[in-house]
Amino acid sequence: MAFFDYHEGQFYAENVALEKIAQQVQTPVYCYSASALRHNYQTYIKHFKPENSQVCYAVKANTNQAIIGLLAKMGSGADVVSEGELRRALQAGIPAEKIVFSGVAKTSREMRFALQQGIFQFNVESEPELELLNEVALSMGKTAPVAVRINPDIDAHTHAKISTGKASNKFGIAWSSIPATYARAAELAGIRVQGIDLHIGSQLTELAPFEQAFNCLAELTGVLRAQGHEISVLDIGGGLGISYEVDGPQPPELADYAALANNILGGLGCRILVEPGRSMVGNTGILLSEVIYLKRGERDEFLIIDAGMNDLLRPSMYDAYHEILAVEPASGEHRAFQVVGPICETGDTFAYGRQLPPLQSGDLVAIMNAGAYGAVMASTYNTRPLVPEVLVDDDRFMVIRKRPGYDEIIGLDTALAE
Ligand code: LLP
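Rules used in this analysis
Residues numbered from 1 in each chain as written. Predicted model: local features only at pLDDT ≥ 70, side-chain atom pairs only at ≥ 80, totals over all residues. Heavy atoms only, no water. Helix = DSSP H or I, 4+ residues; strand = E, 2+ residues; numbered from the N terminus. Buried < 20%, exposed > 50% of the residue type's maximum accessible area, 1.4 Å probe, protein only. Contact = heavy atoms within 4.5 Å. Areas by Shrake-Rupley, 256 points an atom, 1.4 Å probe, with all protein chains shown as cover. Lys, Arg positive; Asp, Glu negative; His and termini not counted. Charge placed at Lys NZ, Arg CZ, Asp CG, Glu CD. Pairing = 2+ DSSP bridges. Domains from an automatic or database assignment. Buried area = accessible area lost by both parts, 1.4 Å probe. Salt bridge = Lys/Arg side-chain N within 4 Å of Asp/Glu carboxyl O. Core = buried A, V, L, I, M, F, W, Y, C linked by side-chain atoms within 4.5 Å. Near = heavy atom within 4 Å. Polar contact = N/O pair within 3.5 Å; in protein donor to acceptor, adjacent residues only side chain to side chain. Nonpolar A, V, L, I, M, F, W, Y, C, P; charged D, E, K, R; others polar. Expected span 1.5 Å × (residues − 1).

1. Re the overall build of the chain
When its secondary structure is counted, the chain shows twelve helices and 21 strands. Scored against the burial criterion, the 418 residues of the chain give a buried share of 55%. Put simply, 69% of the contacts in the chain that link residues at least 6 apart link residues at least 24 apart. Of the accessible surface of the chain, which amounts to about 18000 Å², a share of 50% is contributed by carbon and sulfur atoms. The averaged location of the 50 negative side-chain charges in the chain is 5 Å from the averaged location of its 33 positive side-chain charges.

2. Points about the sheet that holds strand β2 (residues 10–13)
Across the sheet, which stays open at both edges, the three strands sit in the order β1-β2-β3 with antiparallel pairing between neighbours. What marks the edges here is a single partner per strand, and that holds for β1 (4–7) and β3 (16–17). Here β2 runs beside β3; their pairing, made up of two bridges, is antiparallel. If you follow Ala 13 over to β3, its bridge partner there is Val 16.

3. A look at the domain arrangement of the chain
One can read the domain layout of the chain as domain 1 (4–32 + 282–410) and domain 2 (34–281). For domain 1 and domain 2, the distance between their C-alpha centroids amounts to 32 Å. The partner domain 2 presents 26 residues to the 24 residues of domain 1 that form the contact. Summing both sides of the interface, domain 1 and domain 2 together bury roughly 2100 Å²; the carbon and sulfur share of this comes to 52%. When the buried surface of domain 1 facing domain 2 is broken down by residue, Tyr 318, Tyr 321 and Tyr 373 rank first, second and third, together holding 27% of it. Across the domain 1-domain 2 interface, the total number found is one salt bridge. Where Asp 393 meets Arg 38, a salt bridge forms, and the shortest distance between an N and an O atom there is 2.7 Å.

4. Some points on the nonpolar core
By size, the foremost hydrophobic cluster in this structure holds 100 residues, and its most contacted members are Phe 48, Phe 122, Phe 214, Ile 236 and Tyr 257. Residues lining this core come from more than one domain, with at least three contributed by each of domain 1 (4–32 + 282–410) and domain 2 (34–281). When near neighbours in sequence (up to four residues on either side) are disregarded, Ile 236 contacts Phe 48, Leu 198, Phe 214, Leu 217, Tyr 257, Ala 261, Leu 265, Ile 272, Leu 273 and Val 274. Grouped together as the second largest cluster of nonpolar side chains are 21 residues, Phe 11, Ile 286, Val 327 and Leu 364 included.

5. Details of helix α5 (residues 108–117)
Helical geometry: 3.6 residues make up each α-helical turn, so side chains three or four residues apart lie on a common side. Along α5, the positions that sit buried rather than exposed are Glu 110, Met 111, Phe 113, Ala 114 and Leu 115. As for α5, its buried residues are in contact with α4 (83–91), β7 (99–101), β8 (121–124), α6 (127–139) and β9 (144–151). Immediately downstream of α5, the backbone of Gly 118 shows phi near 80 degrees, a positive value.

6. Side note on the pattern of salt bridges
Within this structure, the stated rule accounts for 14 salt bridges. Of the charged contacts in the structure, one is a salt bridge between Arg 296 and Glu 301, with a shortest N-O distance of 3.3 Å. The class for Arg 296 is exposed, based on a relative accessible area of 61%. The exposure class of Glu 301 is buried, given its relative accessible area of 9%. Within this structure, Glu 83, Arg 87 and Arg 109 form a network of salt bridges that share partners.

7. Observations regarding the site of the ligand
Every one of the 19 residues lining the ligand counts as a neighbour, but Ser 202, Glu 275, Arg 278, Arg 314 and Tyr 373 are closest to it. In this structure, Glu 275 approaches the ligand through a side-chain N or O atom, which is 2.6 Å from a nitrogen atom. In isolation the ligand has 590 Å² of accessible area, and contact with the protein removes 92% of it. When grouped by side-chain class, the residues that make up the shell around the ligand number six nonpolar, seven polar and six charged.

8. Structural notes on the pairing of strand β14 (residues 285–296)
When strand β4 (residues 29–33) meets β14, the two strands line up antiparallel, connected through four bridges. The residue of β14 that forms the bridge with Tyr 32 is Gly 285. Where β14 and strand β19 (residues 364–367) come together, four bridges link them in antiparallel fashion. Looking at the pairing, Ser 289 lines up with Val 365 of β19. Pairing between β14 and strand β15 (residues 301–305): five bridges, direction antiparallel. In the sheet register, Arg 296 faces β15, and the bridge partner there is Glu 301. Hairpin connection, β14 to β15: the antiparallel pair is bridged by four residues.

9. Describing helix α9 (residues 254–265)
The first and last C-alpha atoms of α9 sit 16 Å apart over twelve residues, in line with the 16 Å expected at 1.5 Å per residue. Packed against the buried residues of α9 are α2 (34–47), α8 (208–226), β12 (233–235) and β13 (271–274).

10. Considerations on the environment of Leu 288
With respect to the element layout, Leu 288 can be found in strand β14. Sequence-wise, Leu 288 and Ser 361 are 73 residues apart; in three dimensions their C-alpha atoms are separated by 14 Å. Here Leu 288 is in contact with Leu 18, Ile 21, Ala 22, Thr 27, Pro 28, Val 29, Val 327, Leu 364 and Val 365, once residues within four sequence places are set aside.

Below, the structure written as structure tokens:
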């Protein structure tokens, strides 16, 4: 099912021509498909059945209230990593009892807020965090439900900056410290251990690292139960990749990933939590941008567009590939462009040597698969207004985050008195 596609030579999001959005909202603008999001969530719960699992959408991938709200309506839980994300999830309608709190640096203030709300689980990442959570919970007369995030030392074969399960990464409890951490947790009156958590990285395109990770969980469940710990929740994290490049590495099917989890972990009598971010929202969004200039360099032809690395950071940060399509492709031979933005850095490059149809100033391009880690990582660098977002649903669309005005941006500063 294609939610972004050409009809009679024009590129559409569902039944709205992208040109119409560009005219009404101006570019650059993120544009999401509500139907694609519903489809992705339904596919998730088809394979991770609500009877014995809970999908906890990793809201960091896209925190727009409309996006989280759509998922909340369908029954999704949330994985959050800050008080801000927790507030966003709650405000969008996700009940606290479906929310897990991950992250290596939870502060006592964040813990207090989460305990007040009554979240489902804290994914604890270090011994000092465990001690602090215990103190905060006791001071409130509460007990914190905890899963310990373990570091299984698994290479997820993904970009180094988004690999999280190796011993050299800052995440989770070192393998050799796991028994001691659970033993300590059992001594703490403010802590109630209920499970094990892991997350080995993002944009995984192979099943094998997941298989290793799930086997670790199964093995540990047996070991920890034998030591007297209650293990009723297994949080398998997120990480399933999406297809960014037709000729690039292709991710496993969701069905195969879920079958692997269910086969290895399904018989342990635990509730399985899964925290998808990218595979939930990645393919539901595009970044729509207008060509400002064509410029011929000594070697390359530059296609200068009005979106920059401040709007979509992934290509400059992770050398990420995003497909770029002409919204109204002109006939004529394709040729190679270096696709760049307006920011004063050479790293502000979306693609090198990209074959595209003839384009001119004023034409629109769609940067594909930008629904995850796109708008959320945007900034106002070079004092460019934060990029707006639009949600398309069938033949309608609405602005779900407006473009701020310059006065709003500059008004955040305090000028010195004369
Ligand atoms: N759970 C935890 C604890 C996480 O840290 C993450 C992502 C997820 C779940 C969701 O992972 P996903 O299903 O999206 O792979 N900005 C980077 C990706 C950073 C991922 C951080 N953690 C990018 O643009 O590629």
